[in-house]
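Residue strings, one per chain:
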Amino acid sequence: MSNNEKIQKYLESFDALSHSTEDYLYVWDIKNGLNWFFGRISDEFSIKGTGLTPNTDQELMDLIYKDDRLDVAKDLKLVKSGEKKEHDLTYRWTNKEGKGVWINCRGNVIEDDDGQPLMLLGRVSRSVLENKINKLTGLFNKNKILTETLVNVVCSFIQNCVCSIDNFASVSLSKYTF
């Protein structure tokens, strides 16, 4: 099966699947610089093509909020070079009103027969961030972030304490019976 036939197969599948999710699905043809988005994405964002109509890489970059473009471009460059096998970032897209909207974009690389990156398949989600973003201000929810940070710090502290005990596995509990 040729690379174009593989991509076409995924496009048809994503077109069918897009009706069963609130997230927006996408296929990025890495070699040809084309992107397809599925779902009702054009209701909120100025996407030229949806469904089986592609967008160029430049059109995608134009959609990304100006302040986030450099970080996204760096990550996608690593995906394109094969150094990364997934794209998983939270950043902003510009909606039709010109406002930055937080999204989480996640996808996995599909390689060609030579092991080179062929396409990136994934989803763009706003629902993943619903509890993290204040709907009125569009800013991250301070309490949610602090809670997650505190949990991560405590877990890391406990893990480091247990793992840093020398020869922990060699402690014989049989000597310390009660």
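To be clear, the structure that these remarks concern was listed above.
Small disclaimer: the values here were computed from a predicted structure and weren't measured.

Trainee: For this particular structure, what's the right way to read the pairing of strand 2 (residues 34–38)?
Mentor: A regular strand carries its side chains on alternate faces of the sheet. Within strand 2, four of the five residues are buried, which leaves the element mostly enclosed by the surrounding structure. Sheet topology places strand 1 (residues 24–29) next to strand 2; five bridges connect them, and they run antiparallel. For Trp28, the partnering residue across the bridge sits in strand 2 and is Asn35. Hairpin connection between strand 1 and strand 2: a loop of four residues separates the two successive antiparallel strands, and Gly33 in this loop has a positive phi of roughly 65°.

Trainee: Is there a simple way to think about the packing of aromatic side chains in this case?
Mentor: In this description, an aromatic ring pair is defined by two values, namely the gap between the centres and the angle between the planes. For the structure shown, the criterion picks out four aromatic pairs. Between Tyr26 and Phe37, the ring centres sit 6.2 Å apart and the planes meet at 45°, which makes this aromatic pair tilted. Here Tyr26, found in strand 1, pairs with Phe37, found in strand 2; they are eleven residues apart in sequence, far enough to count as distant. For the pair shown, Tyr26 and Phe37 are each scored as buried. Ring centres of Phe45 and Trp93 lie 5.1 Å apart, and the angle between their planes is 90°; on these two criteria the pair is classed as edge-to-face. Highlighted residues: Phe45 in the loop between strand 2 and strand 3 (55–56) and Trp93 in strand 4 (residues 86–94), separated in sequence by 48 residues. On the basis of relative accessibility, which here comes to 1%, the residue Trp93 falls in the buried class. Cluster of aromatic residues (ring-pair linked, three or more members): Tyr24, Tyr26, Phe37, Phe45 and Trp93.

Trainee: Honestly, the nonpolar core in this entry has me stumped. Any pointers?
Mentor: The nonpolar side chains of a soluble globular protein tend to be buried, and buried together. Core analysis: the biggest nonpolar cluster contains 23 residues, and Phe37, Phe45, Trp93 and Val124 have the highest contact counts within it. For this core, the secondary-structure elements that each account for two or more residues are strand 1, helix 2 (57–63), helix 3 (69–81), strand 4, strand 5 (100–111) and strand 6 (117–125). No other element matches the four residues that strand 5 contributes to this core. Not counting chain neighbours up to four residues away, the residues in contact with Phe45 comprise Tyr24, Leu63, Trp93, Thr94, Asn95, Lys96, Val101, Ile103 and Arg126. Within the second largest apolar cluster, nine residues are counted, among which are Ile7, Val27, Trp36 and Leu121.

Trainee: Please explain the sheet that holds strand 1 as it appears in this structure.
Mentor: Sheet strands pair by backbone hydrogen bonding; their relative direction is either parallel or antiparallel. The sheet built from six strands is open, its strands ordered 3-2-1-6-5-4 with antiparallel pairing. Only two strands of the sheet have a single partner each, and these edge strands are strand 3 and strand 4. Looking at chain direction, strand 4 and strand 5 are connected through nine bridges and run antiparallel. Across the sheet, residue Glu86 finds its bridge partner in strand 5, namely Asn108.

What counts and what doesn't
- Residues numbered from 1 in each chain as written.
- Predicted model: local features only at pLDDT ≥ 70, side-chain atom pairs only at ≥ 80, totals over all residues.
- Heavy atoms only, no water.
- Buried < 20%, exposed > 50% of the residue type's maximum accessible area, 1.4 Å probe, protein only.
- Helix = DSSP H or I, 4+ residues; strand = E, 2+ residues; numbered from the N terminus.
- Pairing = 2+ DSSP bridges.
- Phe/Tyr/Trp six-rings, centres within 6.5 Å; stacked < 30°, edge-to-face > 60°.
- Core = buried A, V, L, I, M, F, W, Y, C linked by side-chain atoms within 4.5 Å.
- Contact = heavy atoms within 4.5 Å.

In short, shape yes, function no, at least from these values alone.
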